[in-house]
Amino acid sequence: MTLNIVALIIFAIVIIYIGAYGYKISAKTAEDFMLASRALGVLVMFFFVLFAISSAWTFYGYPGYMHIHGPGYVYFIWGAVTGFTCLFFFVGPRLWAVTRMNRYISPLEALGERYEMPALRFVLAVILLIYIVPYICVQLLGIGVGLEALTGFPVLYGALYFTAIMLAFIILGGMRTVAWANVLFGLLYALTFFGALVGVIIVGLPEGGIMQAVDILKETNPEQLSVPGPHGQFTSVMLIGTIIVGFLSLSWPHIVIQTMTARDKAIFKYLPILLLVFGGLLFYTVPYIFGAIISPALMPELTGAAADNAVQLTIMEYLPGFGLVAILGVAAAAISSASIQLMTSSIFMARDIIHGFLKPDMTERSLVTWTRIVVAGIVFLSLGLAMWNPTALGLYLTDIATPGFAQWAPALIGGILWKRGTGWGAMVGTVAGSVYLIASFFVPQLLFDLHPVLPSIVLNIILYVVVSLLTEAPSEEVETKFFDEVDEYLSAPAD
Amino acid sequence: MREIPTHTAGKIFLAVMFISLFLLTFVAPFLYTDQLYLGWMSGPFFYGIIVTVIWGVALYVYSFYYWPYR
């Protein structure tokens, strides 16, 4: 127990030191606090993005689901990896260029101007906040549960402890600190996870490693090694739905906003390739091997909710001394994701709602102060929601929040790539898709046995295109600012 | 993105990306058996790796040698 407490204190000191250092070197401007002065280089950007994507879900939910249903769930990863590649190569450079040229701090600010419709900016901010806050709740809850399993501390104490240290480093340093913390935490998490996999294989499967695990499964549970899996979950149609849902991850707002922190356009050449190689081929292979092969072979007795902890329980069984290291690695992953989600939601609230509508005359200094206040407000709101009803939260996350992010994708991608897209098209598509999504939560027949995101996003896209074509085309000024000038800017030699 | 379909290399690049993803999404799910590749990789994992490699190579070649904004 003493060792656990010492490790947790050291962890907190390191994080707060990063925050304090970030505060010391910051320029104290809104652009610096919210977008790290748009100065992140390729390696920091890469780790920032990879570990913003890779939350505690890659340790619990993803391998846990494969532990029960076999390898089909890997299709979500292929969808997400290709989706993020498209975001950073097809959409990213243009969004980066237009926001940099016009000093937009939020992507919603850019869309409000692009569509010449300030109300759209407000509506998008509210919708995205509704979807993103539950994510922060789940991360905090996940850390608390993990710490409880390891140390016996109550969930609330663990969640409060990590909330406090996360708040400290975000409020002090803003986006730059979040980025650097992601690099540190991400590496800690990746090394821990990889080390645990190697350790479990050496200790638990000494006569052949992965092949020994495969042999065990061939004898005891051969369906675990192929689709549709032991319970027939991943049929062909289900695989198609899974990869499409994964692909729509490209609309996660906390990843979209990261495109605006890049130092120069060359980053958009390197980043997608790095994500494919180090994310798709290397990092995500670790939870795949753990969840689809190793834990089902070594811990077949884990079923139901216990399977969510399959990786952690396997580590605790075969590497008992490694448990604390593993949980700190997971906490690092959860904090790295939660911090960028928190930062993004605070920007939407402070820049797009408070500054954009309620206090348009506020100074830059006030904007930074307001953002800090909002960070604290949102994190305590999230913590309260997480403690209030975690079961309902889980359902909301799966059925509404995750598909909800996709609802701004047509407005975002259309606004950046399609000249003819109009404000009314974006407004009608986004609102109709969101309303349909929430309605389908209460009336499941509206889903036609599909994943919640599919019918709502199809409706959204159709309405966006049709209404855009039926309404007046965007002005010449918009076409110049968002298309012609962007082409010119991107065609120029790199800075 | 808007600049990519305006030249031949861009069209080839988009075709490679689109066709490989289309095959993984809509064709491969109907072809999987219980075969394991290299002794331990399931079909969904192995074919995802193949598409990821194809995308990586296509992106490298296009973005470093043909992308108008390179």
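Everything numeric in this text was worked out from a predicted model, so none of it was measured. (Residues numbered from 1 in each chain as written. Chains lettered and ligands numbered in written order. Predicted model: local features only at pLDDT ≥ 70, side-chain atom pairs only at ≥ 80, totals over all residues.)

1. Focus on the overall build of chain A
Working step 1: For chain A, the count of helices and strands is 21 helices and zero strands.
Working step 2: Its C-alpha atoms give chain A a radius of gyration of 22 Å, near enough to 23 Å, the size a compact globule of 495 residues would have.
Working step 3: Projected onto its principal axes, the C-alpha coordinates of chain A cover approximately 70 × 50 × 45 Å.
Working step 4: Within chain A, buried positions represent 57% of all 495 residues.
Working step 5: Contacts in chain A between residues far apart in sequence, at least 24 positions, make up 82% of those at least 6 positions apart. (Helix = DSSP H or I, 4+ residues; strand = E, 2+ residues; numbered from the N terminus. Rg over C-alpha atoms; globule rule 2.2 N^0.38 Å. Buried ≥ 20, exposed ≤ 12 C-beta atoms within 10 Å, placed from the backbone. Contact = placed C-beta atoms within 7 Å.)

2. Thoughts on the overall build of chain B
Working step 1: For chain B, the helix and strand inventory stands at two helices and zero strands.
Working step 2: Taking 70 residues into account, the globule formula puts the C-alpha radius of gyration at 11 Å, and chain B, at 15 Å, lies well above it.
Working step 3: Reported as C-alpha extents along the three principal axes, the dimensions of chain B are approximately 45 × 20 × 15 Å.
Working step 4: The buried share of chain B, taken over its 70 residues, is 30%.
Working step 5: Within chain B, contacts between residues separated by at least 24 positions form 53% of all contacts whose residues are at least 6 apart in sequence.

3. What to know about the interface of chain A and chain B
Working step 1: Facing 36 residues of chain A, the contacting portion of chain B comprises 31 residues.
Working step 2: Mapped onto the side of chain A that touches chain B, the elements with two or more residues apiece are α5 (74-101), α9 (210-220), α10 (236-247), α12 (267-283), α13 (285-298) and α21 (476-491) of chain A.
Working step 3: The biggest single contributor to the side of chain A that touches chain B is α5 of chain A, with 10 residues.
Working step 4: For the side of chain A that touches chain B, the per-class residue count stands at 26 nonpolar, seven polar and three charged. (Nonpolar A, V, L, I, M, F, W, Y, C, P; charged D, E, K, R; others polar.)

4. So, unusual backbone geometry
Working step 1: Here Val 227 of chain A and Pro 228 of chain A are connected by a cis peptide whose omega angle stands at 10°.
Working step 2: Summarising the element assignment, Pro 228 of chain A is placed in the loop between α9 and α10.
Working step 3: Here the phi dihedral of Phe 448 of chain A falls at roughly 55°; this positive angle occurs in a residue that is not glycine.
Working step 4: Relative to the helices and strands, Phe 448 of chain A is located in the loop between α19 (423-442) and α20 (453-470).
Working step 5: With 9 C-beta atoms packed within 10 Å, Phe 448 of chain A lands in the exposed category.
Working step 6: Despite not being glycine, Leu 38 of chain B shows a phi value in the positive range, around 55°.
Working step 7: Residue position: Leu 38 of chain B is located in the loop between α1 (8-27) and α2 (43-65).
Working step 8: When the 8 C-beta atoms within 10 Å are taken as the criterion, Leu 38 of chain B is described as exposed.

5. Here we look at the packing of helix α18 (residues 409-417) of chain A against α19 of chain A
Helices that pack against each other are described as a pair by the angle of their axes relative to one another and the distance between those axes.
Residues and elements named next belong to chain A.
Working step 1: At their nearest, the axes of α18 and α19 sit 8 Å apart, and the two run at 160° to each other. Considering their axes alone, α18 and α19 lie roughly antiparallel with respect to each other. Note on packing geometry: the crossing formed by α18 with α19 is right-handed. Within the contact between the two elements, α18 uses Pro 410, Ala 411, Gly 414 and Gly 415 and α19 uses Ala 426, Gly 429 and Thr 430. (Axes fitted to C-alpha atoms, helices over the stretch in contact; angles between N-to-C directions. Parallel < 35°, antiparallel > 145°, perpendicular 65-115°, else oblique. Left-handed = near helix turned anticlockwise from the far one by under 90°.)

6. Points about helix α8 (residues 155-204) of chain A
Working step 1: A rise of 1.5 Å per residue sets the reference length of α8 of chain A, with its 50 residues, at 74 Å; its end C-alpha atoms lie only 30 Å apart and thus fall more than 12% short of the reference.
Working step 2: Along its length, α8 of chain A reaches its greatest deviation from straightness, about 125°, at Gly 174 of chain A. (Expected span 1.5 Å × (residues − 1). Bend = angle between axes of the 7 residues up to and from the residue.)

7. Considerations on α21 of chain A
Working step 1: Counted at 1.5 Å a residue, the expected span for α21 of chain A with its 16 residues is 22 Å, and the 21 Å between its end C-alpha atoms agrees.
Working step 2: Along α21 of chain A, the residues classified as buried are Phe 482, Val 486 and Leu 490 of chain A.

8. Topic: the nonpolar core
All names here are of chain A.
Working step 1: One finds Val 49 and Leu 140 to be the most contacted residues of the largest nonpolar core, which totals 193 residues.
Working step 2: Of the residues forming this core, the biggest block, 20 residues, is contributed by α8.
Working step 3: Contact partners of Val 49, with chain neighbours within four places excluded, come to Ile 255, Gln 258, Leu 271 and Leu 275. (Core = buried A, V, L, I, M, F, W, Y, C linked by C-beta atoms within 7 Å.)

9. What about the environment of Trp 67 of chain B?
Residues and elements named next belong to chain B.
Working step 1: Note on placement: Trp 67 falls in the segment after α2.
Working step 2: With 21 C-beta atoms packed within 10 Å, Trp 67 lands in the buried category.
Working step 3: Taking C-alpha positions, Trp 67 is 9.9 Å from Phe 13, a pair spaced 54 residues apart along the chain.

10. Notes on the confidence of the model for chain A
Working step 1: Per-residue confidence for chain A averages 87 on the pLDDT scale, and 97% of its residues sit at or above 70.
Working step 2: Least confident of the elements in chain A is helix α17 (residues 390-405) of chain A, whose mean pLDDT is 67; most confident is α18 of chain A, at 95. (pLDDT = per-residue confidence, 0-100.)

11. What to know about the packing of α5 of chain A against α12 of chain A
All names here are of chain A.
Working step 1: It is the contact of α5 with α12, at a shortest axis distance of 9 Å, that shows an interaxial angle of 175°. The angle between the axes of α5 and α12 places the two elements in the roughly antiparallel class. Where α5 abuts α12, its residues Val 81, Phe 84, Thr 85, Phe 88, Phe 89, Gly 92 and Pro 93 lie against Phe 268, Leu 271, Pro 272, Leu 275, Leu 276, Gly 279 and Gly 280.
Working step 2: Partitioned by chemical class, the residues of the contact of α5 with α12 number 10 nonpolar, four polar and no charged.

12. Comments concerning the confidence of the model for chain B
Working step 1: Summing up the model confidence of chain B, the mean pLDDT is 93 and the portion of residues at 70 or higher is 100%.
Working step 2: Among the prediction metrics, the complex's ipTM stands at 0.96, with pTM recorded as 0.90.

13. A few points about the environment of Gly 329 of chain A
Residues and elements named next belong to chain A.
Working step 1: Here Gly 329 shows up in helix α15 (residues 323-358).
Working step 2: Given 25 C-beta atoms within 10 Å, Gly 329 falls into the buried group.
Working step 3: Distance from Gly 329 to Lys 265, taken between C-alpha atoms, is 32 Å for residues 64 residues apart in sequence.
Working step 4: Gly 329 has contacts with Leu 188, Tyr 189, Thr 192 and Phe 193, leaving out every residue within four places of it along the chain.

14. Let's talk about the environment of Gly 158 of chain A
All names here are of chain A.
Working step 1: The topology assignment puts Gly 158 in helix α8.
Working step 2: With 25 C-beta atoms packed within 10 Å, Gly 158 lands in the buried category.
Working step 3: For Gly 158 and Leu 147, which are 11 residues apart along the polypeptide, the C-alpha to C-alpha distance reads 6.1 Å.

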